[in-house]
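Residues per chain, in single letters:
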Amino acid sequence: MYRAWTDPALLRQWFAPRPYTTPVGELDARPGGATLIVMRSPDGTELPNRGVYLEVVPDRKLVITDAYTEAWQPSQKPFMTVIVTFDAEGGGTRYTARVRHWTVDDREMHEKMGFHQGWGQCADQLAALVAKL
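Residues numbered from 1 in each chain as written. Predicted model: local features only at pLDDT ≥ 70, side-chain atom pairs only at ≥ 80, totals over all residues. Heavy atoms only, no water.

Participant: What's the story with the overall build of the protein chain in this structure? I'm lost.
Facilitator: When helices and strands are tallied, the protein chain shows 4 helices and 6 strands. Ordered by position from N to C terminus, the α and β elements of the protein chain give α-α-β-β-β-β-β-β-α-α. For 133 residues, the compact-globule formula gives about 14 Å, and the C-alpha radius of gyration of the protein chain, at 14 Å, lands near that figure. Counting only C-alpha atoms, the protein chain reaches 40 × 35 × 25 Å along its principal axes. Residues counted as buried form 38% of the 133 residues belonging to the protein chain. Considering only contacts within the protein chain whose residues lie at least 6 apart along the sequence, 32% involve residues at least 24 apart. (Helix = DSSP H or I, 4+ residues; strand = E, 2+ residues; numbered from the N terminus. Rg over C-alpha atoms; globule rule 2.2 N^0.38 Å. Buried < 20%, exposed > 50% of the residue type's maximum accessible area, 1.4 Å probe, protein only. Contact = heavy atoms within 4.5 Å.)

Participant: Teacher, can you tell me more about the pairing of strand S1 (residues 21-27) here?
Facilitator: For S1 and strand S2 (residues 34-40), the ladder comprises 5 bridges, and the chain directions are antiparallel. Counted as the bridge partner of Thr21 is Arg40 from S2. What sits between the antiparallel neighbours S1 and S2 is a turn of 6 residues, in which Gly32 has the positive phi angle 90°. (Pairing = 2+ DSSP bridges.)

Participant: Just checking my understanding: could you explain the sheet that holds strand S6 (residues 92-101) for this structure?
Facilitator: Backbone-to-backbone hydrogen bonds join strands into a sheet, with any given pair of strands oriented parallel or antiparallel. The antiparallel open sheet is built from 6 strands, whose spatial order is S1-S2-S3-S4-S5-S6. Two strands lie at the open edges of the sheet, namely S1 and S6, each paired on one side alone. Strand-to-strand twist of the sheet, defined as the mean angle between neighbouring strand axes without regard to direction, takes the value 20°. (Axes fitted to C-alpha atoms, helices over the stretch in contact; angles between N-to-C directions.)

Participant: What is the right way to look at the packing of aromatic side chains in this model?
Facilitator: By convention here, two paired aromatic rings are described through the distance between centres and the angle between planes. Considering all chains together, one arrives at 6 aromatic pairs under this definition. A centroid spacing of 5.2 Å and a plane angle of 75° characterise the contact between Tyr68 and Trp72, whose relative ring orientation is edge-to-face. Look at Trp72 and you get partly exposed, because its relative accessible area is 42%. (Phe/Tyr/Trp six-rings, centres within 6.5 Å; stacked < 30°, edge-to-face > 60°.)

Participant: Help me out: how do you make sense of the side chain of His101 in this one?
Facilitator: By the secondary structure assignment, His101 is in strand S6. The exposure class of His101 is buried, given its relative accessible area of 18%. Every residue in contact with His101, bar those within four places of it in the chain, is listed here: Phe79, Met80, Asp106, Arg107 and His110.

Participant: Where do I start with the layout of surface pockets in this structure?
Facilitator: Any space left empty among the atoms is revealed by the rolling of a water-sized probe across them. The space that makes up the largest pocket amounts to roughly 1100 Å³. Lining the largest pocket we find 38 residues, and of these Met39, Asn49, Met80, His110 and Met113 sit closest to its centre. Residue contributions to the lining of the largest pocket peak at 7 residues, all from helix H4 (residues 115-132). Of the residues that constitute the lining of the largest pocket, the class distribution is 21 nonpolar, 12 polar and 5 charged. (1 Å grid on protein atoms, 1.4 Å probe; cavity = no way out; pocket = protein on both sides within 12 Å on 5 of 7 lines; lining within 4 Å. Points joined across faces, edges and corners; volume = space filled by probe spheres on them. Nonpolar A, V, L, I, M, F, W, Y, C, P; charged D, E, K, R; others polar.)

Participant: Explain the pattern of salt bridges to me, please; I cannot follow it from the model alone.
Facilitator: Should their charged atoms come close, side chains of opposite charge can pair. Under the counting rule described, the total for this entry stands at 7 salt bridges. Note that Glu46 and Arg40 form a salt bridge whose closest N and O atoms lie 2.4 Å from each other. Glu46 sits in the partly exposed class, given a relative accessible area of 42%. Given the relative accessible area of 31%, Arg40 is considered partly exposed. Asp87 is paired through a salt bridge with Arg60; the nearest N and O atoms lie 2.9 Å apart. Note that Asp87 is positioned in strand S5 (residues 80-89) and Arg60 in the loop between strand S3 (46-57) and strand S4 (61-65), a separation of 27 residues in sequence. (Salt bridge = Lys/Arg side-chain N within 4 Å of Asp/Glu carboxyl O.)

Put into C-alpha cells, the structure is as follows:
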C-alpha cells in the first residue's frame, strides 16, 4: 500500500474517485519534498493539489500538507493535512487515512464535496490495485 502512495504510476491508477482521473502525480516522497496531484473531472476540469511531505517513514507513515507548496513556500490557502499509516496486521496491512482540516468551515466544505464517499471509493480502488500487485 505504501508503494501505491509513493509510486506516481500506481497513484495515478487509484487516487481519484472514478469517473474522475488522476493525470498528474508528481511525488518527491521525503520530508520537505513536493507533491503535485491533479485530479480531472469527467468534464475535463482539472483540480491541482500541491503540497509538501512533512514526515515520511518508509512502509509505515506519510504526512502531507497543502500549507506549503514546493520548497516550503506557504500556500495561499491551507486546507488540510493528511496522515496515512500502514501497519502490518494478520498477514495484511491496516491502512488508516486521517485528514485534519485547518478550520471547521474547511471540513464542512470537504464533506459537502463528498469527502467520505470519495475517500471510501478511493480506498476500495487502492485495495483492488494492491491486490493485483
